[in-house]
Amino acid sequence: MVPLTRKRRRCCLLTLQKLQQKVEETRTGSEGGLSKVRRLLRLERQMKALSTHFMDEGFKAHHLGQEAQKKHFWNASANVLAVAEKCRRYAREALQTQPRRLTFGYTPQKQAVPRWERGRRDLKNG
């Protein structure tokens, strides 16, 4: 395993900063509706995959006896998961602002009523 240098530590921090920046850009962006929700959930899935990667690296460092690297990767994994949870919360908030019933511009069609049924209804109403 490659020793954890300053450059690799900075890379993990830059990755976390980039993710936070993407989340904030998506949340405050002009894009609205369900596309914002989809994008936020996509980012959340990517962050969970990155967290798993960091956790794997931490386990590798643990088995090699490199405690400082293990602690670094596990902390990075926890930080990425925290940002993922924030992203999921933003997606939930964006989804709750949507109207309860999405019509996509369509209205319900009128039901076809046979002529004999309309006559029967007229007789019934008097």
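Data block above holds the structure.
Residues numbered from 1 in each chain as written. Predicted model: local features only at pLDDT ≥ 70, side-chain atom pairs only at ≥ 80, totals over all residues. Heavy atoms only, no water.

(A) Structural detail: the nonpolar core. With 18 residues, the main nonpolar core has V23, L40, M47, F54, V80 and C87 as its most contacted residues. For this core, the secondary structure elements donating two or more residues are α1 (6-28), α2 (34-63) and α3 (67-96). Element by element, the count of residues in this core is highest for α3, at nine residues. (Core = buried A, V, L, I, M, F, W, Y, C linked by side-chain atoms within 4.5 Å. Buried < 20%, exposed > 50% of the residue type's maximum accessible area, 1.4 Å probe, protein only. Helix = DSSP H or I, 4+ residues; strand = E, 2+ residues; numbered from the N terminus.)

(B) Just the packing of aromatic side chains, in detail. Applying the stated criterion across every chain yields a total of two aromatic pairs. On the basis of an interplanar angle of 35 degrees and a centroid distance of 6.2 Å, the ring pair of F54 and F73 is categorised as tilted. Taken as a pair, F54 in helix α2 and F73 in helix α3 lie far apart in primary sequence, 19 residues in all. Both residues of the pair, F54 and F73, count as buried. Centre to centre, the rings of F59 and W74 are 5.4 Å apart; their planes meet at 65 degrees, and the pair counts as edge-to-face. You can see F59 sitting in helix α2 and its partner W74 sitting in helix α3, a full 15 residues away along the chain. Looking at F59, the relative accessible area reads 40%, which means it is partly exposed. Of the residues examined, W74 reaches a relative accessible area of 29% and is grouped as partly exposed. Residue placement shows R27 over the ring face of Y90; its charged tip is 4.4 Å from the ring centre. (Phe/Tyr/Trp six-rings, centres within 6.5 Å; stacked < 30°, edge-to-face > 60°. Lys NZ or Arg CZ within 6 Å of the ring centre and 35° of its normal.)

(C) Here's a closer look at the side chain of S77. Structurally, S77 is set in helix α3. In terms of polar contacts, S77 uses its side chain to reach the side chain of S51, at 2.7 Å. Discounting residues that sit within four places of it in the chain, S77 has contacts with S51, F54 and M55. (Polar contact = N/O pair within 3.5 Å; in protein donor to acceptor, adjacent residues only side chain to side chain. Contact = heavy atoms within 4.5 Å.)

(D) Quick peek at the pattern of salt bridges. Counting across every chain of the model gives six salt bridges. Its salt-bridge partner being K48, residue E44 comes within 3.1 Å of it at the nearest N-O pair. Of the two residues, E44 and K48 are both situated in helix α2; the distance of four residues between them amounts to about one turn of the helix. Classification of E44 as buried rests on a relative accessible area of 3%. Under the relative-accessibility criterion, K48 is labelled partly exposed at 37%. Linked through salt bridges whose partners overlap, the residues forming this network are E44, K48 and R88. (Salt bridge = Lys/Arg side-chain N within 4 Å of Asp/Glu carboxyl O.)

(E) Seen up close, α2. Compared with an ideal rise of 1.5 Å per residue, which puts 30 residues at 44 Å, α2 spans 44 Å between its outermost C-alpha atoms and is within 8% of the ideal. Three or more residues of α2 are buried, namely K36, V37, L40, L43, E44, M47, L50, S51, F54, E57, G58 and A61. Positive backbone phi, approximately 80 degrees, marks G65, located one or two places after α2. (Expected span 1.5 Å × (residues − 1).)

(F) Structural context of the environment of V37. On the secondary structure map, V37 appears in helix α2. Residue class for V37 comes out buried when judged on its relative accessible area of 7%. The sequence separation of V37 and R27 amounts to ten residues, and the corresponding C-alpha distance is 8.9 Å. Non-local contacts of V37, meaning those with residues more than four positions away in its chain, are made with A91, A94 and L95.

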